[in-house]
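A closer look at the structure
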Amino acid sequence: MNQKVVNSFIPIFVKYCRKTVDSLNLCEDGETIDIHKYTGLTFLEAACETTLGVDGLDRPGKKEFKEGLDKIQEVASKRMITPYLYPDVVYRMTNYFKEVSQASKIVCDFLLKLSKERKQFLISSDNDSDDTEEENDTSGKPKVFVDEILKVFNDGKVFDDTELTHNMYAIITGAIDTSGTITAHACLLMSFYPDMQNRLFEEISELYPLDNPAMDFSPEMLKQLRYTEMFLNEILRYWPAGPMVARQNIAEIELDGVRVPPGQTFVMSIEALHRRKDVWGPDADRFDPKNFSEERVRKRHSFGFLPFSGGKRICIGWRYAQTAMKVMMVHLVRNFQFSTKIKPENVRFRHDVTMKLATERKVSVRMPSRGSLVRKTVRIELIRVRAPNVLAAV
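Residues numbered from 1 in each chain as written. Predicted model: local features only at pLDDT ≥ 70, side-chain atom pairs only at ≥ 80, totals over all residues. Heavy atoms only, no water.

- An unreviewed UniProt entry lists the chain under the name Cytochrome P450, with Culex quinquefasciatus as the source organism.
- Annotation of the chain in UniProt includes, under Cofactor (unreviewed entry), the sentence "heme".
- What UniProt records for the chain under Function (unreviewed entry) is the sentence "May be involved in the metabolism of insect hormones and in the breakdown of synthetic insecticides." (UniProt positions renumbered as here; feature names shortened; annotations may be inferred.)

Structure, rendered in structure tokens:
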């Protein structure tokens, strides 16, 4: 998951983001929708192609597969806050265990079937290049995860089916829960703060003009989306996809004069860290992309912002998520304007493995190509020009 590999996935991200735009264009102008149903599907399909080499998920079992993924997380989060379910002997006698077992079988069977299809494709494909040529390949061809993991040996043996499906499951769910959730949050927060939505539109439309269908999603172009990156980082701070992280110490450590033997589990609240006023200032509870201006970043401790954890155990897919979310933001902001009847003060979250809203992300979708957002942006620019004259007259 290094940057070179992630860059090879950009055409895949673009393909499914365009598919999302097509789906949203089918909505009535101003229609209210649950945006997460669109962003979640986008990144599920993109993750399946980058992980399994599957072009889309239009195949039997897709619906059951998605429901199985949701059920596994639902029960996992339930068990986390239900002490009597902690002992395996008790948990295995409950309906929760039965539901998860059935869901896991559906998910694993689906993944295993796709991986076998991919394995057969690799065997039957005409590939005359040797390993050295593959390692030195600079064509930018996507390095599908399952292709790479099939080459990996564990203690002299290839991964068995269980290990294979578990690795694929981890990558796919990570992509959905980070990229899909955060871009859905982005649509809601743009609805709360129209001025920020306008600024995103200005930046994106400057690099990707509405009258130019040729869109360059090279890494160099994506790096120029500075405010977009600040906005996404602020979402990751304000509403982190992973609100907690757990780590186990492998050696004895001392904390505040207390010796802790090895093998203990530490659960740290990323959400609490991201709201600390000694790290983020007195307005830590306010949504503000300026928190990621170069000046503020320089003054802040590097471990004050940990949406993907940090150090050696940082999330393997953090580059993947950041790149995919930028591509999605370009497509969403360039093509649509979002508003909502939800009030920021009424937002509530439910307990889950990841940070999910207690209600649907209901936003109204309008098409700026019909004039609304473009006119609004122009009006703002006119006001900025006239303001100095007005002040001078006063």
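**A look at the overall build of the chain**
- Per the secondary structure count, the chain includes 17 helices and 11 strands.
- For the chain, the proportion of its 394 residues judged to be buried stands at 43%.
- The contacts in the chain between residues at least 6 apart in sequence include a share of 74% that link residues at least 24 apart.
- Accessible surface, the chain: about 21900 Å² in total, of which carbon and sulfur atoms supply 54%. (Helix = DSSP H or I, 4+ residues; strand = E, 2+ residues; numbered from the N terminus. Buried < 20%, exposed > 50% of the residue type's maximum accessible area, 1.4 Å probe, protein only. Contact = heavy atoms within 4.5 Å. Areas by Shrake-Rupley, 256 points an atom, 1.4 Å probe, with all protein chains shown as cover.)

**Some thoughts on the UniProt feature "binding site: heme" (unreviewed entry) in the chain**
- Mapped onto this numbering, the UniProt entry annotates "binding site: heme" (unreviewed entry) at Cys315.
- Note on placement: Cys315 falls in the loop between helix H15 (294–299) and helix H16 (318–335).
- What makes Cys315 partly exposed here is its relative accessible area of 33%.

**Thoughts on helix H10 (residues 194–207)**
- Relative to the 20 Å expected for 14 residues at 1.5 Å per residue, H10 spans 20 Å between its end C-alpha atoms, a close match to the ideal helical length.
- Across the 14 residues that make up H10, a large majority, 10, are buried.
- Three or more residues of H10 are buried, namely Met196, Gln197, Asn198, Leu200, Phe201, Glu202, Glu203, Ile204, Ser205 and Leu207. (Expected span 1.5 Å × (residues − 1).)

**Overview of a nonpolar patch on the surface**
- The grouping of Met80, Ile81, Met244, Val267 and Val353 at the surface amounts to a nonpolar patch, some 440 Å² of accessible area in total.
- Relative to the assigned elements, Val267 resides in strand E7 (residues 265–269).
- Of the residues examined, Val267 reaches a relative accessible area of 55% and is grouped as exposed. (Patch = residues over 30% accessible without salt bridge, like charges linked within 9 Å, V, L, I, M, F, W, Y side chains within 5 Å. Salt bridge = Lys/Arg side-chain N within 4 Å of Asp/Glu carboxyl O.)

**Looking at the packing of aromatic side chains**
- This model, assessed by the stated rule, comprises 16 aromatic pairs.
- Ring centres of Tyr238 and Phe287 lie 5.4 Å apart, and the angle between their planes is 75°; this geometry places the pair in the edge-to-face category. Within this pair, whereas Tyr238 is found in helix H12 (residues 226–238), its partner Phe287 is found in the loop between helix H14 (277–280) and H15, the two being separated by 49 residues in sequence. Comparing Tyr238 with Phe287 shows no difference in burial state: the two are buried.
- Taken together, a centroid distance of 6.2 Å and an interplanar angle of 80° make the contact between Trp280 and Phe305 edge-to-face. Taken as a pair, Trp280 in helix H14 and Phe305 in the loop between H15 and H16 lie far apart in primary sequence, 25 residues in all. The pair Trp280 / Phe305 is uniform in exposure class, with both members buried.
- Connected via pairs of aromatic rings, a cluster forms that spans Phe192, Tyr193, Phe231, Tyr238, Trp239, Phe287 and Phe349.
- Seen from the ring of Tyr238, Arg275 lies directly overhead, with NZ or CZ sitting 4.3 Å from the centre.
- Directly above the ring of Phe292 sits Arg300, whose terminal nitrogen or CZ lies 5.1 Å from the centroid. (Phe/Tyr/Trp six-rings, centres within 6.5 Å; stacked < 30°, edge-to-face > 60°. Lys NZ or Arg CZ within 6 Å of the ring centre and 35° of its normal.)

**Comments concerning the packing of helix H9 (residues 161–192) against H12**
- For the pair H9 and H12, the least separation of the axes is 10 Å and the interaxial angle reads 105°. Of the possible angle classes, the one that applies to H9 and H12 is roughly perpendicular. Residues Ile182, His185, Ala186, Leu189 and Met190 of H9 form the contact with H12, whose own contacting residues are Phe231, Leu232, Ile235 and Leu236.
- Looking at the contact of H9 with H12, its residues break down into eight nonpolar, one polar and no charged. (Axes fitted to C-alpha atoms, helices over the stretch in contact; angles between N-to-C directions. Parallel < 35°, antiparallel > 145°, perpendicular 65-115°, else oblique. Nonpolar A, V, L, I, M, F, W, Y, C, P; charged D, E, K, R; others polar.)

**Examining the packing of helix H4 (residues 62–80) against helix H6 (residues 95–124)**
- Interaxial distance between H4 and H6 falls to 8 Å at its minimum, and their mutual angle equals 140°. With respect to H6, the axis of H4 lies oblique. Crossing of H4 against H6: the hand is left-handed. Facing Lys62, Glu64, Phe65, Gly68, Leu69, Lys71, Ile72, Val75 and Lys78 of H4, the residues of H6 in contact are Tyr96, Glu99, Val100, Ala103, Ser104, Ile106, Val107, Phe110 and Leu111.
- A class-by-class count of the residues in the contact of H4 with H6 yields 11 nonpolar, two polar and five charged. (Left-handed = near helix turned anticlockwise from the far one by under 90°.)

**Quick look at the pattern of salt bridges**
- Considering all chains together, one arrives at 25 salt bridges under this definition.
- With a shortest N-O distance of 2.6 Å, Glu67 and Lys63 are connected by a salt bridge. With Glu67 and Lys63 both in helix H4, this residue pair falls four residues apart, about one helical turn.
- Classification of Lys63 by relative accessible area gives exposed; the value is 54%.
- Asp283 is the salt-bridge partner of Arg286, the closest N and O atoms lying 3.8 Å from each other.
- A residue is classified by how much of its surface remains accessible, and Arg286, at 43% relative accessible area, is partly exposed.
- Among the charged side chains, a salt-bridge network with shared partners connects Asp283, Arg286, Asp288 and Arg296.

**Quick word on H9**
- The end-to-end C-alpha distance of H9 is 46 Å, a good match for the 46 Å that 32 residues give at a rise of 1.5 Å each.
- Counting buried positions over the 32 residues of H9 gives 24, a clear majority of the element.
- Residue Asp160 occupies the N-cap position of H9, its side-chain oxygen lying 3.1 Å from the main-chain nitrogen of Thr162. (Polar contact = N/O pair within 3.5 Å; in protein donor to acceptor, adjacent residues only side chain to side chain.)

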